[in-house]
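Coordinate inspection notes
In case you want the letters, here they are:
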Amino acid sequence: MIFNFARFHAALENKNKHMKNTLILFLGLFLASSLTALAQNDNISPARKQAIDSLALEKVKDLSKYISIIGSKETQFSEANRVMDRAEELFAPGAEMGVSSINSSEIAYYKVRRYFERLMALNYDRVNITWYDIQYISDLERQPDGRYVGVITIYQRFEGTSIETGMNYKDTTKKDITIYVEKKQTQIAGRTIEFWDVMLGDVRVTETSA
Amino acid sequence: MRITLITFAILFASISIVSGQGIGSPGTIKDDGRFAASTKQLNQFFRRFNGEESPDGNTRFYPGDSLYRNFPLRQGFIQILFDNQTGTTSQQLKSDFIGDVLSPVYPFYLNFHREGWFAEVQAEFFYKGRRETATLILKIQPEGLGYEWVIDAVSFPPFKNIFNKPEGDQKDFLHPLSHELGFMNLRRAFQDSKLPEAFTDSSFHPDYLTIFLYEMKQNNIRFDTVSDVKFHFFQVQGWYFEVRQFNRPGFNTGWLISNLVKLNPGDKETIEKYIYDQN
């Protein structure tokens, strides 16, 4: 059998072409999957949502703790101010508290700091703020600017006693707290690390009939 | 139906026994099941209606999860999504609705991003020194990288009788040969008439939202507060329902169906017109 170089070359060329095409196809597929991965990077998977929920809940817990400290009569003025600073840091700029009572569904608006100051100024000798062991966390929805937004609902019980008048005031409020979720970047040892950050936003405070 | 309701009531009551759910440490108050039962957010209304979360609301079910849109779960949820204390919806109408929603052949689900639902908001404004209530219609629309609520229409009592376009042979008009005079008689419309709208096209309809925004930009309208919110749904084919918030003692609270209507041909347009066209 005579070895046909021309045919071999043609076959080899074909094989090379085929390999080249396969390589391009694989590279293409790899890039596409990478791009898809990149494109999907901003989507929030159920597992990531759970992690974000935990982080958001931690911030809400911090807020609850701070509210209890600010509202307590045992807290020194300077300490309360320091805690108000910490509490304010949990919020996105411009966040407001919208408060309504059972008797009126109309909302009174307070800047976060003003709300804390009002809480601190309450004229009770004993203030007890507690929280119900129930919360609800909404889905996260994407805003036009790319950030995600969600709402966490919690319930607070307030009890204030005035020794002089013997007056005892109690209420239970539902707090719907906005959370903003944003992907951020930071440099650690020269490497860029991405992470999801949570900030609190507007809070709707509704007195409940409970 | 009653058995399902009792099962759900027991479930909600038992949620309070589960530990480790609270936001706080020791010292938190145990919910007796009322807050667990309450439909706390409209988001929860969607999830319950669709059967996309556990009865306690702590677990979100996603496509692929065994209980995602589970039939008995939905059946239990939908029955507690009605205002069962003050609502006047008959049991028969509810059953027909639930039958359609849970149809084994073509079940209906609510979709947050799809058209067919909108919000009606009552808000207080100061207009030329007086307090006035405006009804705003808001809807969800895609924008940029996500979604936003936008104002679709406004109904504002002070605008109610501003425009009163007369029709027929008694109205003022520009005669059909006005063009031959270079429309010099426009003076009749803009100077002599108290009803310049009489000179507009027969399909003329004032855009109250534009006027409202213009007055706001002129500092004649100032926002004060929001006083009420409700939602209107047309996403279940052949049905309309209204959802509003019930803040009262008991287990039947939160965002609930307050009004249910079975739609005949043409009813949808009539209801929409009633909600939108309140001027």
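Placed above this text is the structure.
Here we summarise the structure given alongside this text. (Residues numbered from 1 in each chain as written. Chains lettered and ligands numbered in written order. Predicted model: local features only at pLDDT ≥ 70, side-chain atom pairs only at ≥ 80, totals over all residues.)

Brief notes about the overall build of chain B
Within chain B one finds eight helices and six strands. Each helix and strand of chain B, ordered N terminal to C terminal, gives the series α-α-α-α-α-β-β-β-α-α-β-β-β-α. Sorting the 279 residues of chain B into buried and exposed places 23% on the buried side. (Helix = DSSP H or I, 4+ residues; strand = E, 2+ residues; numbered from the N terminus. Buried ≥ 20, exposed ≤ 12 C-beta atoms within 10 Å, placed from the backbone.)

Here's the deal with the interface of chain A and chain B
In this complex, chain A contributes 32 residues to the contact, which on the side of chain B involves 32 residues. Taken together, the elements giving at least two residues each to the side of chain A that touches chain B come down to helix 2 (46–71), strand 3 (126–137), strand 4 (141–142) and strand 5 (148–161) of chain A. Here the residues of the side of chain A that touches chain B are counted per class, giving 13 nonpolar, eleven polar and eight charged. (Contact = placed C-beta atoms within 7 Å. Nonpolar A, V, L, I, M, F, W, Y, C, P; charged D, E, K, R; others polar.)

What to know about the nonpolar core
Grouped together as the largest cluster of nonpolar side chains are 38 residues, with contacts concentrated most on A:I70, A:F116, A:I152, A:I177 and A:I179. B:L42, B:F45, B:I78 and B:V243 belong to the second largest nonpolar core, which has 19 residues in total. (Core = buried A, V, L, I, M, F, W, Y, C linked by C-beta atoms within 7 Å.)

As for the packing of helix 3 (residues 77–89) of chain A against helix 4 (residues 112–120) of chain A
Residues and elements named next belong to chain A. Close contact between helix 3 and helix 4 brings their axes to 10 Å; oriented N to C, the two are set at 150°. Accordingly, the angle class assigned to the pair helix 3 and helix 4 is roughly antiparallel. Crossing of helix 3 over helix 4 shows right-handed handedness. The segment helix 3 lies against helix 4, with A80, M84, A87 and E88 engaging V112, R113, F116 and M120. A per-class count over the contact of helix 3 with helix 4 returns six nonpolar, no polar and two charged. (Axes fitted to C-alpha atoms, helices over the stretch in contact; angles between N-to-C directions. Parallel < 35°, antiparallel > 145°, perpendicular 65-115°, else oblique. Left-handed = near helix turned anticlockwise from the far one by under 90°.)

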